[in-house]
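Read off the chains here:
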Amino acid sequence: MEEIVQNIVLRPRFQLSNKNPKELILSEFEKCKDVPFLVKRLDDHVFIKFPKKKNNFWSPQLHLEITKEENNFSRIYGLFGPNPTLWTFFMFIHFAIASIFITLGIWAYSSAALNKTYGLQIGLMCFMVSLWFSLYLFGRYGKRKGKPQMFELHNFMNSILNKTLSENH
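Chemist: How would you explain the packing of aromatic side chains if you had to name every residue and give the values?
Modeler: Geometrically, a pair of aromatic rings is defined through the distance of the ring centres and the angle of the planes. Taken as a whole, this structure holds ten aromatic pairs when the rule is applied. For the pair Phe57 and Trp58, a centre-to-centre distance of 4.8 Å together with 85° between the ring planes defines the contact as edge-to-face. By relative accessible area, which is 16% here, Trp58 ends up buried. Measuring from ring centre to ring centre gives 6.5 Å for Phe57 and Phe138, while their planes differ by 45°; the resulting arrangement is tilted. Of this pair, Phe57 sits in the loop between strand S3 (45-49) and strand S4 (61-68) while Phe138 is found in helix H4 (residues 119-168), placing the two residues 81 residues apart along the sequence. Residue classification places Phe57 among the partly exposed positions, given a relative accessible area of 47%.

Here is the structure:
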């Protein structure tokens, strides 16, 4: 168990093998209606997230993909991630900063080639780098804030998987 916890903290992807068929595991997650999490199933995918009252800006969610292995075993691929809307917003901001940085670099090069001053462009490029670094630190802070909830999701997933193992054997 300690190894899994280490992997979640350092790298939010994991894989598990399970002795139950995938249909049984998927149906157990689908039965979870009155639990402290919102559980949604779409084909072979299960999405587990926090309800609105426990959800905050940094709340993670858990995406599971359950596939069939030989001998009727299952493989579970898990991914912890932020809210997709938040993730899209962060990617948009990173793309905008990168685009502005490149545009300022082209402008600075053109000004230098024309023997004009380019200090403003270099200064703004440095500001873009510091802005990007601030976003990076902000993201790391968010990951740290969401870590306790990540463990809650992981424990819930384990309780469902252990339930399927005990009922089936």
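Chemist: Just give me the short version of helix H3 (residues 84-113), but keep the residues and values in it.
Modeler: Across its 30 residues, H3 extends 43 Å between first and last C-alpha, which sits within 8% of the 44 Å expected from 1.5 Å per residue. Taken together, the buried positions of H3 are occupied by Leu86, Phe90, Ile97, Leu104, Ala108 and Ser111. The N-capping residue of H3, defined by a side-chain oxygen 2.8 Å from the backbone nitrogen of Thr85, is Asn83. Just downstream of H3 lies Asn115, where phi reads positive at about 60°.

Chemist: Kindly report on the nonpolar core, identifying the contributing residues and their values.
Modeler: One finds Phe29, Val46, Ile48, Leu62, Leu64 and Met157 to be the most contacted residues of the largest nonpolar core, which totals 22 residues. For this core, the elements supplying multiple residues, two or more each, are strand S1 (13-18), helix H2 (22-31), S3, S4, strand S5 (74-81) and H4. In terms of residue count, the dominant contributor to this core is H4 (six residues). The contact partners of Met157, leaving out residues within four places of it in the chain, are Phe14, Leu16, Phe29, Leu62 and Leu64. Ranked by size, the runner-up nonpolar core spans seven residues in total, among them Leu86, Phe90, Ile97 and Met125.

Chemist: Please give an account of unusual backbone geometry that cites residues and values.
Modeler: Keep in mind that most residues, glycine aside, have a negative phi and that most peptide bonds are trans. Despite not being glycine, Asn71 shows a phi value in the positive range, around 60°. Along the polypeptide, Asn71 turns up in the loop between S4 and S5. Residue Asn71 is classed as exposed on the basis of its relative accessible area of 66%. The phi dihedral of Asn115 is positive, around 60°, even though this residue is not glycine.

Chemist: Which residues make up the sheet that holds S3, and what values go with them?
Modeler: Pairing is antiparallel across the open sheet formed by five strands, whose spatial order is S1-S5-S4-S3-S2. Looking at which strands have only one partner, the edges of the open sheet turn out to be S1 and strand S2 (38-42). Neighbour-to-neighbour, the strand axes of the sheet open up by a mean angle of 20°, direction not taken into account. Bridge analysis of S3 against S4 gives four bridges, and the strand direction is antiparallel. Counterpart to Ile48 in the pairing with S4 is Leu62.

Reading guide: rules and limits
Residues numbered from 1 in each chain as written. Predicted model: local features only at pLDDT ≥ 70, side-chain atom pairs only at ≥ 80, totals over all residues. Heavy atoms only, no water. Phe/Tyr/Trp six-rings, centres within 6.5 Å; stacked < 30°, edge-to-face > 60°. Buried < 20%, exposed > 50% of the residue type's maximum accessible area, 1.4 Å probe, protein only. Helix = DSSP H or I, 4+ residues; strand = E, 2+ residues; numbered from the N terminus. Expected span 1.5 Å × (residues − 1). Polar contact = N/O pair within 3.5 Å; in protein donor to acceptor, adjacent residues only side chain to side chain. Core = buried A, V, L, I, M, F, W, Y, C linked by side-chain atoms within 4.5 Å. Contact = heavy atoms within 4.5 Å. Pairing = 2+ DSSP bridges. Axes fitted to C-alpha atoms, helices over the stretch in contact; angles between N-to-C directions.

Read these as geometric descriptors, not functional statements.
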